[in-house]
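A look at the structure
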Amino acid sequence: MKTAVITGGTDGIGRKLAQTLLERGDRVVVIGRSSVKAEAVHAAAVRLGAADRLEFLPADLSLVSENHRVVDHLRSAYPAIDILALGARYYRSSRALTADGFEASFALFYLSRYLLAHGLAETLGRSTTPIVLDLSGPGGDLARINWDDLQFARGYDPDAVMHQCGKLSDLLAVAFVRAHANSGIRYLLLHPGLTATGFTGSYSAEDAATVAGMRRRGQPVDAAVARIMRHLDHPAVAPLSAFMQDTPVDTTGAAFDMAAAERLAAHTRELLAGAGPGPHA
């Protein structure tokens, strides 16, 4: 029996992934904000006779303190974690700040991934086959990163923000693999393809119309999760791998530059230094 932790696990791909792992006999911790959505996950677990293998951990992962609380709980509750699936994201047509003062997408899509991955590295390292699965959009030009204004205080563009978050995930993975080189953890960056999920977010009328079209064109959630499971069941041997659907993305080129990864890691440590107690890799 494996233990899997899934952020964004109460909706869409995350919820189906949780159900699939429960069906296989694994233990699953689902992290999300909505207790209402969590009831649907629990009901599915009951139907499978797997309620005793499911934990719902309510948390607002856009807040640094909540990530620390989640990490502390998981460290104490589980001797080892086999799969950490990072899927939490939330599209915002208008810029918003968290209570910590961070731009909301930067906080949820990037900072929570940073805090959870590094914070749980030791617990992951106790597994015989640990995997961090980051559901993002690997590859692309480093020019997508707005180094002078990472949180888009000027000229907020929600699409540019989401593209940048994907690149920040890439660089997080590069620095993580280097920092935990002897842990045995494999870091998998994966875009499973356009999928007809809930596309959770706060949308303008124009953006809502665009999303409706994407939902119509997207593959079924079952297809996306089947692809994810193939990658989880047969992970690449390398410590870091990336795929757009099933097409490998080169993680040795300029898009995964180590100097840029270290630059981002250093900037992140500076940001978090004033954001409350907790380990910062």
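Just so we're clear, the structure is a prediction, and the values are computed from it rather than from any experiment. (Residues numbered from 1 in each chain as written. Predicted model: local features only at pLDDT ≥ 70, side-chain atom pairs only at ≥ 80, totals over all residues. Heavy atoms only, no water.)

1. Thoughts on the overall build of the protein chain
- Helix and strand content of the protein chain: 9 helices and 10 strands.
- The C-alpha atoms of the protein chain give 18 Å as radius of gyration, which agrees with the globular expectation for 281 residues (19 Å, within 12%).
- Projected onto its principal axes, the C-alpha positions of the protein chain cover 50 × 45 × 40 Å.
- Looking at the protein chain residue by residue over its 281 residues, the buried ones come to 52%.
- If you take every contact in the protein chain between residues at least 6 apart in sequence, the share linking residues at least 24 apart comes to 76%.
- Accessible area for the protein chain stands at about 12100 Å²; split by element, carbon and sulfur atoms hold 52% of it.
- Counting 28 positive and 29 negative side-chain charges, the protein chain places the centres of these two groups 4 Å from one another. (Helix = DSSP H or I, 4+ residues; strand = E, 2+ residues; numbered from the N terminus. Rg over C-alpha atoms; globule rule 2.2 N^0.38 Å. Buried < 20%, exposed > 50% of the residue type's maximum accessible area, 1.4 Å probe, protein only. Contact = heavy atoms within 4.5 Å. Areas by Shrake-Rupley, 256 points an atom, 1.4 Å probe, with all protein chains shown as cover. Lys, Arg positive; Asp, Glu negative; His and termini not counted. Charge placed at Lys NZ, Arg CZ, Asp CG, Glu CD.)

2. Looking at empty space enclosed by the protein
- Using the criterion set out here, one finds 3 cavities of 30 Å³ or more in the structure.
- The residue makeup of the lining of the largest cavity, split by class, is 4 nonpolar, no polar and 4 charged. (1 Å grid on protein atoms, 1.4 Å probe; cavity = no way out; pocket = protein on both sides within 12 Å on 5 of 7 lines; lining within 4 Å. Points joined across faces, edges and corners; volume = space filled by probe spheres on them. Nonpolar A, V, L, I, M, F, W, Y, C, P; charged D, E, K, R; others polar.)

3. Section: the sheet that holds strand β7 (residues 186–191)
- Reading across the sheet, the 8 strands line up as β3-β2-β1-β4-β6-β7-β9-β10 and stay open at both edges, with mixed pairing between neighbours. Of all the strands in the sheet, just β3 (54–58) and β10 (247–248) have a single pairing partner and so form its edges.
- Packing against the sheet, helix α2 (residues 35–47) makes contact with β2 (27–32) and β3, and its axis sits at approximately 175 degrees to β3. (Pairing = 2+ DSSP bridges. Axes fitted to C-alpha atoms, helices over the stretch in contact; angles between N-to-C directions.)

4. Re the pattern of salt bridges
- Inspection of the entire model under this criterion finds 11 salt bridges.
- A salt bridge links E122 to R126; its shortest N-O distance comes to 3.3 Å.
- In this structure R126 comes out as partly exposed when scored by relative accessible area, which is 46%.
- Among the ionic contacts, a cluster of salt bridges with common partners joins R227, R230 and D246. (Salt bridge = Lys/Arg side-chain N within 4 Å of Asp/Glu carboxyl O.)

5. Some points on the pairing of strand β4 (residues 83–86)
- Burial along β4 is two-sided: the residues I83 and A85 and L84 and L86 are all buried.
- Here strand β1 (residues 3–7) runs beside β4; their pairing, made up of 4 bridges, is parallel. Bridged to A4 within β4 is I83.
- As judged from the 4 bridges shared by β4 and strand β6 (residues 131–135), these two strands associate in the parallel manner. Each bridged residue has a counterpart across the sheet, and for L84 the counterpart in β6 is V132.

6. What to know about the packing of helix α3 (residues 64–77) against helix α4 (residues 104–119)
- At their nearest, the axes of α3 and α4 sit 10 Å apart, and the two run at 25 degrees to each other. For the element pair α3 / α4, the angle class is roughly parallel. Here α3 and α4 pass one another in a crossing that is right-handed. Contacts from V64, N67, H68, V70, V71 and R75 in α3 reach S112, L115, L116 and G119 in α4.
- In terms of residue class, the contact of α3 with α4 is built from 5 nonpolar, 4 polar and 1 charged. (Parallel < 35°, antiparallel > 145°, perpendicular 65-115°, else oblique. Left-handed = near helix turned anticlockwise from the far one by under 90°.)

7. Some words on unusual backbone geometry
- Look at F152: it is not a glycine, yet its phi comes out positive at around 50 degrees.
- Here F152 lies in the loop between β6 and α6 (158–179).
- Here Q245, not a glycine, exhibits a phi torsion of approximately 60 degrees, which is positive.
- Mapped onto the elements of the fold, Q245 is located in the loop between β9 (240–244) and β10.

8. Considering the confidence of the model for the protein chain
- Taken residue by residue, the protein chain gives an average pLDDT of 93. The fraction at 70 or more is 98%.
- Contacts for the low-pLDDT stretch residues 277–281, under 50 throughout, to residues beyond four places or in other chains number 13 contacts. (pLDDT = per-residue confidence, 0-100.)

9. With respect to the side chain of E55
- Its place among the elements puts E55 in strand β3.
- One buried charged residue, E55, remains without a salt bridge, the closest side chain of opposite sign being R27 at 8.0 Å.
- Separated by 2.7 Å, the side chains of E55 and H73 make a polar contact.
- Those residues in contact with E55 that lie beyond four places of it in its chain are V28, V29, V30, H73 and Y78. (Polar contact = N/O pair within 3.5 Å; in protein donor to acceptor, adjacent residues only side chain to side chain.)

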